[in-house]
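In case you want the letters, here they are:
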Amino acid sequence: MAIEIKVPEMGESVTEATISAWTKKEGDAVKVDEVLAILETDKVSLEIPAPTSGVLKSITKKVGDVVHVRDIMGMIEEGAVASAPASSSAPAPKAEAPAAQPNTGKVNEELPPAARKLIEENKLDASKITGTGRNGQITKEDVILFMEKGGASSAGAPKTATTSPEIPRAVVASANVGPRETVVPMTKLRQTIANRLVSAQHTAAILTTFNEVDMSPIMELRNKYKDKFKDTHGVGLGFMSLFTKAVVAALKAYPAINAEIRGTDIVYKNFYDIGVAVGGPKGLVVPIVRNADLLSFAQIEQEIARLAGKVKDGKISLEDMEGGTFSISNGGVYGSMMSTPILNPPQSGILGMHNIVKRAVVVNDQIVIRPMMYLALSYDHRIVDGKEAVQFLVKIKEMVEDPTRLLFEV
């Protein structure tokens, strides 16, 4: 019985996706729930599991095709067994000479375009080239190295050790310079990120205010308790839980930054769902720590670790990213010293954290060396006044520089 492989429901307002990969090919055996393909939507990547065990009979939608909910991507022959490749005991006839281009078929089609072009132009035997790319794939550099070492073309006899390899001038230029342009289609996720960023600039009056914070107290607290914290809760004590708690306290003091504009109304949120920006293999995404005001430091760290793991594994879901009342972006993990983070609509504020640098500062009329971090708050000036934004950032500074205030919520 042939079972259809259909595009599943992908979440609210998501109706189409692009096929980014097939993990199986026609004729392969598959098991129920085994991943067959990966779809990329404008928000996340989705794995398509096999609805039954059997053999992948046909693939009707190729990599790069745009598919819609309930489209048929292929068929599985339920209960079938993949046939083994046929073998023959008869000896193969001896060829008088190698074929002129034995590698212009499927083997070469699976190579990267640059490597395939060199192999076909120089009539090389791809089976004799050692690949150093991912999963042993042959790269352009592998082909060039093969020719420089006197690699034989498939159309003639191998060169002797005393003969210098004759590399065409165009090949040498390509090796030294490389292609002048590489055109890669934007993914659905990247297109959506681009559109949302442009929309944020067009629809909100974005302004950024800055402050700096002395990280000495929070670093001393973390160093004192991080080992016990991990032993007790099974997760590391980072700065994100402390900053998340400080953000929640500041949002309670200045509720306009936790609000949004909806038409001609201002909607004040009485809950605190904090988005935490996480870099993944396909771009930056912002999963949400729900009800952060009700969570302990350990629970926040555990939730951030769980969400970050899903992002890095490409398994983050739409539900993990929907909503959110405020966002935190930590560019410091990449070495950023100062930035102006952009709003994540319809939110009205985003906090930017940066790297920690030891600097000379004045404390009690004395010049001392302290680990300092710049903080940036970007906000929608249509709903948040400059005074509120500055005081919001000062509130975070005060709580980070005196972390015991986080415990007493003062």
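Here the residue numbering is sequential within each chain, running from 1 through the sequence in written order. Under the rules for a predicted model, residues below a pLDDT of 70 receive no local features and side-chain atom pairs below 80 are neither given nor counted, while totals for whole chains, interfaces and linings still include all residues. Note that the side-chain values use all heavy atoms of the structure and ignore hydrogens as well as water.

A. Representation of the overall build of the chain in the model. Secondary structure summary: the chain contains 11 helices and 18 strands in total. In the chain, buried positions account for 39% of the 410 residues. Working rule for contacts: check all heavy atoms of both residues, and any pair within 4.5 Å makes them a contact. Long-range pairs, those at least 24 residues apart, make up 62% of the contacts in the chain with a sequence separation of at least 6. For the chain, the exposed area adds up to about 23,300 Å²; of that, 53% sits on carbon and sulfur atoms. Secondary structure elements follow DSSP: runs of H or I of four or more residues count as helices, runs of E of two or more count as strands, with numbering from the N terminus. Relative accessibility decides the category of a residue: with a 1.4 Å probe and only protein chains considered, values under 20% of the type maximum give buried, values over 50% give exposed, and everything between is partly exposed. Only the protein chains shown count as cover for residues, and all accessible areas are computed by the Shrake-Rupley method using a 1.4 Å probe.

B. Quick look at the pattern of salt bridges. Salt bridge, as used here: a side-chain nitrogen of Lys or Arg that lies within 4 Å of a carboxyl oxygen of Asp or Glu. According to the stated counting rule, one finds 15 salt bridges in the structure shown. Salt-bridge contacts for glutamate 4 lead to lysine 6; the nearest nitrogen and oxygen are separated by 3.5 Å. For aspartate 380, the salt bridge is made with arginine 382, and the minimal N-O distance between the two is 2.7 Å. Relative accessible area serves as the criterion here: at 49%, arginine 382 is assigned to the partly exposed category. Several salt bridges converge on common partners, so that one network encompasses Glu260, Arg262 and Lys269.

C. Layout of the sheet that holds strand β5 (residues 45-49). The strand order across the open sheet built from 4 strands is β5-β4-β2-β7, with neighbouring strands paired in antiparallel fashion. The two strands at the open ends of the sheet, each matched to only one other strand, are β5 and β7 (66-68). When the angles between neighbouring strand axes are averaged without regard to direction, this sheet yields 40 degrees. Here 5 bridges tie strand β4 (residues 35-40) to β5, and the two strands are oriented antiparallel to one another. Opposite alanine 37, over in β5, you have isoleucine 48 as the bridge partner. Think of it this way: DSSP has to see at least two bridges between two strands before they count as a pair. In this description, a line fitted to the C-alpha atoms serves as the axis of each element, helices being fitted only across the stretch in contact, and the angle between N-to-C directions of two axes falls anywhere from 0 to 180 degrees.

D. The arrangement of the nonpolar core in detail. By convention a nonpolar core is built from buried Ala, Val, Leu, Ile, Met, Phe, Trp, Tyr and Cys residues, the set being connected through side-chain atoms within 4.5 Å. Within the largest apolar cluster, 55 residues are counted, with the highest numbers of intra-cluster contacts made by Phe243, Phe326, Leu351, Leu375, Phe392 and Ile396. The element that contributes the greatest number of residues to this core is helix α7 (residues 239-253), accounting for 9 residues. The next biggest cluster of nonpolar side chains, apart from the first, holds 18 residues, and it includes Val7, Val30, Leu36 and Leu56.

E. The packing of aromatic side chains, seen in detail. Each pair of aromatic rings taken from Phe, Tyr and Trp, with Trp reduced to its six-membered ring, is defined by centres within 6.5 Å and is described as stacked if the planes are under 30 degrees apart, edge-to-face if over 60, and tilted in the remaining cases. This model, assessed by the stated rule, comprises 1 aromatic pair. Plain terms: the ring middles of phenylalanine 326 and phenylalanine 392 are 5.6 Å apart, the flat faces sit at 45 degrees to each other, and that makes the pair tilted. Residue phenylalanine 326 is located in strand β16 (residues 326-330), and its partner phenylalanine 392 is located in helix α10 (residues 386-401); the two are separated by 66 residues in the primary sequence. A single burial state applies to phenylalanine 326 and to phenylalanine 392, both of which are buried. In this scheme, the term charge over a ring applies when either NZ of a lysine or CZ of an arginine sits within 6 Å of the ring centre and within 35 degrees of the ring normal. When the ring centre of phenylalanine 297 is taken as reference, the NZ or CZ atom of lysine 245 above it lies at 5.8 Å.

F. Main features of the environment of methionine 338. Here methionine 338 lies in the loop between β16 and β17 (349-363). Note: C-alpha distance between methionine 338 and alanine 376 (38 residues apart in sequence) is 7.8 Å.

G. Local environment of the pairing of strand β18 (residues 366-380). By the bridge criterion, 9 bridges tie strand β9 (residues 206-214) to β18 in an arrangement that is antiparallel. Each residue of the ladder has a partner; that of aspartate 214, found in β18, is methionine 372. Bridging between β17 and β18 involves 13 bridges; their strand directions are antiparallel. Along β18, the bridge assignment pairs valine 363 with glutamine 366. As consecutive antiparallel partners, β17 and β18 are separated by 2 residues, and within that stretch asparagine 364 has a phi angle of approximately 55 degrees, a positive value.

H. Quick peek at unusual backbone geometry. Geometrically, the link from proline 345 to proline 346 is a cis peptide bond, its omega value of 5 degrees lying close to zero. With respect to the secondary-structure elements, proline 346 resides in the loop between β16 and β17. Its identity is not glycine, yet asparagine 364 carries a phi of approximately 55 degrees, on the positive side. In this structure, asparagine 364 sits in the loop between β17 and β18. Here aspartate 365, not a glycine, exhibits a phi torsion of approximately 65 degrees, which is positive. Structurally, the position occupied by aspartate 365 is in the loop between β17 and β18. The exposed category is assigned to aspartate 365, whose relative accessible area is 75%.

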